[in-house]
Amino acid sequence: MRESEPDRGRVVLAATPIGNLGDASRRLVELLGEADVIAAEDTRRLHRLVQGLGVQPAGRILSYHEHNEASKTSELLDEVRAGRTVLLVTDAGMPSVSDPGYRLVEAAVAEGLTVTAVPGPSAVLTALALSGLPTDRFCFEGFLPRKAGERAGRLAELGAERRTMVFFEAPHRLPAMLRAVADAFGPERPVAVCRELTKTYEEVLRGTAGELAAWAEAEEVRGEIAVVVGGAGESEPASPEDLVEAVNRLVADGARLKDAVAAVAADARASKRELYAAVLASR
């Protein structure tokens, strides 16, 4: 569906500082002072933000969080339809990324209303960049389930994930989370724990899952935390001798030897020539 003209009202998703007020963009400051409506995850934090930035909001301030998204979304859409600018901010970082906002964006897009963004600080990207782990391919997994069984199940689903993974975690659950990562991925999996990013006591600890689990269990960890976990490495190709039985099963089921060798070699990333020779040598 085509979006409406930019002067007909709009939703603006604005990234706010994740710790250091100096990271606020000029566009954020301008919009905080000019927007017709400011929808804030926590209005008390919004007041601290505008005071710190020396901004006097001219528009109406409305509370918009995970517990009232369903009821407040239609009210915000009414404002946009009336030609007004609705600025959406969360406690820190970009709205709709593990924060309220997705429901509003989805509804606005469905109606063809204008949705834009003021980019800025992101705990996900900051942690990824500082982790020392590969950044060319990554995924964001948010918070893992609180219950041990559900957490283990989610990590099991990620067992073969090759991309670097970024998680959020509460400080009091960090020891259990890191121990679960070590159990699921092995104690040698590389991990970075990023704490209080951009703040005075910023700390990034890099090591293995086992090392950092032991550290978290021995320390009283505080602050906002992002955990970056290295992806699964490539498994070593099986030796030709290990694949002979798989070829023989296909042949027993009626496949030609040449076709069976080709299929098994392709699946195991092995040499067809070496596998063919191993099959003949076993007979």
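As a convention, each chain's residues are numbered from 1 in the sequence order in which they are written. It should be noted that, the model being predicted, local features are given only for residues of pLDDT at least 70 and side-chain atom pairs only at 80 or more, the latter also being counted only at that level, while totals for whole chains, interfaces and linings use all residues. Derived side-chain values reflect all non-hydrogen atoms in the structure, with water molecules and hydrogen atoms excluded from consideration.

Asks: In this structure, what is going on with the pairing of strand β2 (residues 37–40)? I would like to understand it.
Replies: Side chains on a regular strand alternate between the two faces of the sheet. Side-chain alternation along β2 places Val37 and Ala39 on one buried face and Ile38 and Ala40 on a second face that is also buried. Inspection of the sheet shows β2 paired to strand β3 (residues 60–63) by four bridges, in the parallel sense. In the sheet register, Ala39 faces β3, and the bridge partner there is Leu62. Following the backbone out of β2, through helix α2 (residues 43–53) and into the adjacent parallel β3, one traces a crossover that is right-handed. Pairing analysis gives four bridges linking β2 to strand β4 (residues 85–89), with the strands arranged parallel. Bridged to Ile38 within β4 is Leu87. Here's how the labels work: a residue is buried when its accessible area is under 20% of the maximum for its type, exposed when over 50%, partly exposed in between, all with a 1.4 Å probe on protein chains only. Strands are runs of DSSP state E lasting at least two residues, helices are runs of H or I lasting at least four, and both sets are numbered from the N terminus onward. Pairing between two strands requires that DSSP report at least two bridges joining them. Here is how to tell: hold the view so the strands point away, follow the path from the first strand over the helix to the second, and if it runs clockwise the crossover is right-handed.

Asks: Before we go on, may I ask you to explain the sheet that holds strand β5 (residues 114–118) in this structure?
Replies: Strands in a sheet are paired, the pairing made by backbone hydrogen bonds, and the direction either parallel or antiparallel. Overall, parallel pairing links the five strands, which are arranged β3-β2-β4-β1-β5 in an open sheet. The open sheet has two edge strands with one neighbour each: β3 and β5. Pairwise comparison of adjacent strand axes, ignoring direction, gives a mean angle of 25° for this sheet. Note: strand β1 (residues 10–14) against β5, five bridges, orientation parallel. Bridge pairing links Ala14 to Val118 in β5. Contacts are residue-level and defined by heavy atoms, with any inter-residue pair within 4.5 Å sufficient. Interaxial angle, 0 to 180 degrees, is taken between N-to-C directions of lines fitted to C-alpha atoms, where a helix line uses only the stretch in contact. Across the sheet, helix α3 (residues 69–81) touches β1, β2, β3 and β4, and the angle it forms with β3 is around 155°.

Asks: What is the right way to read the pattern of salt bridges from this model?
Replies: Two side chains carrying opposite charge are able to pair once their charged atoms lie near each other. Here, a salt bridge means any side-chain nitrogen of Lys or Arg that lies within 4 Å of a carboxyl oxygen of Asp or Glu. For the coordinates displayed, the defined rule picks out 16 salt bridges. A salt bridge links Asp91 to Arg45; the shortest N-O distance between them is 3.9 Å. With Asp91 in the loop between β4 and α4 (102–110) and Arg45 in helix α2, the pair connects residues that are 46 residues apart, well separated along the chain. We classify Asp91 as partly exposed; its relative accessible area is 26%. Among the salt bridges present, the one from Glu161 reaches Arg163, with a minimum N-O distance of 2.8 Å. Linked through salt bridges whose partners overlap, the residues forming this network are Arg60, Lys72, Glu75, Glu79 and Arg84.

Asks: What should I look at first to understand helix α5 (residues 123–130) in this one?
Replies: By the burial criterion, the buried members of α5 are Val124, Ala127 and Leu128. Buried residues along α5 cover an arc of 100° about the axis, so they all sit on one side. In this context, the arc is that of the directions from the helix axis out to the C-beta atoms.

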